[in-house]
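One-letter residues, chain by chain:
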Amino acid sequence: MDRDEPLLKVSGVTLQYKTTSHIVTATYRVGFEMLKSDRFVLLGPSGCGKSTLQKAVGGYITPTEGEMRLKGKLITKPGPDRMMVFQEFDQLLPWKTVQQNVAFALEAAKKMPKREAADRAGHYVEMVGLSKFANSYPHMLSGGMKQRVAIARGMAMEPDILLMDEPFAALDALTRRKMQDELLSLWDKTRFTVMFVTHSIAEAIKIGNRILLLSPHPGRVRAELNSATTPEDVAHLERQIHEMLFSEAAPEAAHA
Ligand code: ADP
Ligand code: MG
């Protein structure tokens, strides 16, 4: 694959839920591209369809309009090339240890020999700083540690995209900041591709190299922004996002 060819191409995607009484449109004709090694953030207020959009990339929801392609191939179902990390602390198997939680997914999805899966799992458990807890069970871990295990499990699969849906939102403020730093330093080591969902402007700017800003329900693309590094640029970007989210301007008028 050409390095600059998009890894993920989302075109005109409308996502809907059909309930017994009515249809809920979660996103309306959303389009964007992700490149390899992007830290791509979906940012928008609660209910704007971020989780729905990410689940569609995961292959769990089929667009009613438009399409999604991963490496040129139409996304039609879930696969180990897209691993998800959620906000909830209960996403691990409670009866398996840290090491087993990470190895289990590898054995099941990648059909890897036990030995190889164990080695790779151990490597990723170490990368998230949990070697000492490899034989602990989830109930013995703090919220932040459980999220580290979920991240290790996702990364160990070496997916094309790691999908993270507000993974740090249920953590206390200090732990959250620490986890953001850790995620960035993991990225420095392996340059994995991540799609990160958040409703926090500050978190979006910190984590993302690119930010897709969605309008309130139903989610449409309001703008696609490059993240900032200098404090002045960060402040400017923060103001810009605030204005776009809380103004009534037509989405077309807000391309940045
Ligand atoms: P976000 O993650 O940005 O908070 P969601 O993707 O969870 O938003 O939800 C987008 C919209 O779709 C909301 O209006 C929500 O109420 C609706 N929605 C989400 N899940 C379902 C579902 N299973 N059935 C019906 N409507 C849903
Ligand atoms: Mg959500």
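Conventions used here
- Residues numbered from 1 in each chain as written.
- Chains lettered and ligands numbered in written order.
- Predicted model: local features only at pLDDT ≥ 70, side-chain atom pairs only at ≥ 80, totals over all residues.
- Heavy atoms only, no water.
- Domains from an automatic or database assignment.
- Contact = heavy atoms within 4.5 Å.
- Buried area = accessible area lost by both parts, 1.4 Å probe.
- Salt bridge = Lys/Arg side-chain N within 4 Å of Asp/Glu carboxyl O.
- Polar contact = N/O pair within 3.5 Å; in protein donor to acceptor, adjacent residues only side chain to side chain.
- Nonpolar A, V, L, I, M, F, W, Y, C, P; charged D, E, K, R; others polar.
- Core = buried A, V, L, I, M, F, W, Y, C linked by side-chain atoms within 4.5 Å.
- Buried < 20%, exposed > 50% of the residue type's maximum accessible area, 1.4 Å probe, protein only.
- Helix = DSSP H or I, 4+ residues; strand = E, 2+ residues; numbered from the N terminus.

1. Describing the domain arrangement of the protein chain
Then, in step 1: One can read the domain layout of the protein chain as domain 1 (1–81 + 160–256) and domain 2 (84–158).
Then, in step 2: For domain 1 and domain 2, the distance between their C-alpha centres works out to 25 Å.
Then, in step 3: Tallying the contact residues gives 22 residues for domain 1 and 17 residues for domain 2.
Then, in step 4: Together domain 1 and domain 2 conceal approximately 1700 Å² of surface at their shared face, both sides included; 72% is due to carbon and sulfur atoms.
Then, in step 5: It is P80, L162 and L186 that lose the most area in domain 1 upon contact with domain 2, and together they represent 27% of the buried surface on that side.
Then, in step 6: With its nearest N and O atoms 2.7 Å apart, the salt bridge here joins E182 to R148.
Then, in step 7: Scanning the region where domain 1 abuts domain 2 turns up five residue pairs in polar contact (both at pLDDT 80 or more).
Then, in step 8: Within the side of domain 1 that touches domain 2, the residues separate by chemical class into 13 nonpolar, three polar and six charged.

2. Considerations on the nonpolar core
Then, in step 1: Counting 52 residues, the largest nonpolar core has I151, I211 and I241 as the members making the most contacts within it.
Then, in step 2: Among the elements that make up this core, the one with the highest residue count is helix α4 (residues 143–156) (seven residues).
Then, in step 3: Shared between two domains, this core holds at least three residues of each, these being domain 1 (1–81 + 160–256) and domain 2 (84–158).
Then, in step 4: If we ignore the near neighbours within four places in the chain, the residues touching I151 are V85, V128, M164, F168, M179 and L186.

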